[in-house]
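What the coordinates show
For reference, the chains in residue letters:
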Amino acid sequence: MNDRSTAVSANRELLDQGRALLEQLTDADYASPRHGWSPVGAQYRHVLEHYQCFLAGLDRALVDYDGRNRSEAIEQQRTVALEVTETIRRALESLLVIESDRDVAVQMQCSADVSMPERHRSSTGRELQFLVSHTVHHYALIKLLLERDGIGTEPGFGTAPSTLAHSRTAPSCAR
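Fair warning: this is a prediction, and the values are worked out from it, not measured in the lab.

Taken in spatial order, the 3 strands of this open sheet run S1-S2-S3, and their pairing is mixed. Two strands lie at the open edges of the sheet, namely strand S1 (62-64) and strand S3 (118-123), each paired on one side alone. Ignoring which end each strand starts from, the neighbouring axes of this sheet average 30 degrees apart. Of the strand pairs in this sheet, S1 and strand S2 (residues 103-108) are connected by 3 bridges, and their pairing is parallel. The residue bridging Asp64 from the neighbouring strand is Gln107, located in S2. Helix H3 (residues 40-58) contacts S1 and S2 of the sheet and is inclined by roughly 155 degrees relative to S1. Against the sheet, helix H6 (residues 124-147) makes contact with S2 and S3, and its axis sits at roughly 105 degrees relative to S3, the strand it touches most.

Here it is in structure tokens:
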């Protein structure tokens with residue numbers, strides 16, 4: 001498997017994990033604030049909107065992660081989040097024909113004190129790697145929010161791929 005298909009597959013697997021989680025949650029579990037923190041839906045929306053920004057930016061070779069819609073429907077309605085998850089998952093399939101080293105620019109506001117966003121060169125492959133890391137990070141937050149209420153997630157949810165790989169190869173006493 002080449003780097004591009006590995007990164008695409010990894011992102012699709014993460015979206016599958018998200019879909020499985022959403023299917024097990026109630027609407028209240030998804031949309032209600034948790035212990036003074038934002039709802040699971042807010043974290044999940046944030047993840048999906050990063051994928052949407054990435055996909056939207058491919059045509060013009062400019063990915064603007066700050067250009068998120070901050071959709072209340074995705075944040076508050078599990079069914080909408082599930083539909084968007086599937087749309088993104090299908091769109092990622094088309095990336096198998098895009099070169100992973102295709103140049104893109106990434107635009108992002110790096111400081112609240114600076115009026116102009118910064119732009120830096122990247123590639124589609126690097127941004128797919130970023131999306132894995134970003135998604136895992138937010139899944140870890142979701143896991144913490146749910147565990148406080150006794151709602152479990154599947155094994156490996158919110159755990160970095162490198163950690164999962166290490167735990168498979170490390171001696172059991174070193175874990």
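Back to the write-up after that little detour.
As a further point, take the packing of H3 against H6. The geometry of H3 relative to H6 is characterised by a closest axis approach of 9 Å and an angle of 170 degrees between their N-to-C directions. For the element pair H3 / H6, the angle class is roughly antiparallel.

Tallied over the entire structure, the rule returns 9 salt bridges. In this structure, Arg12 and Glu93 form a salt bridge, with 3.1 Å as the shortest nitrogen-oxygen distance. Highlighted residues: Arg12 in helix H1 (residues 3-24) and Glu93 in helix H5 (residues 78-93), separated in sequence by 81 residues. Using a relative accessible area of 38% as the deciding quantity, one classes Glu93 as partly exposed. Glu75 is the partner of Arg45 in a salt bridge, and the nearest nitrogen-oxygen pair spans 2.9 Å. With Arg45 in helix H3 and Glu75 in helix H4 (residues 72-76), the pair connects residues that are 30 residues apart, well separated along the chain.

The rules we used
Residues numbered from 1 in each chain as written. Predicted model: local features only at pLDDT ≥ 70, side-chain atom pairs only at ≥ 80, totals over all residues. Heavy atoms only, no water. Pairing = 2+ DSSP bridges. Helix = DSSP H or I, 4+ residues; strand = E, 2+ residues; numbered from the N terminus. Axes fitted to C-alpha atoms, helices over the stretch in contact; angles between N-to-C directions. Contact = heavy atoms within 4.5 Å. Parallel < 35°, antiparallel > 145°, perpendicular 65-115°, else oblique. Salt bridge = Lys/Arg side-chain N within 4 Å of Asp/Glu carboxyl O. Buried < 20%, exposed > 50% of the residue type's maximum accessible area, 1.4 Å probe, protein only.

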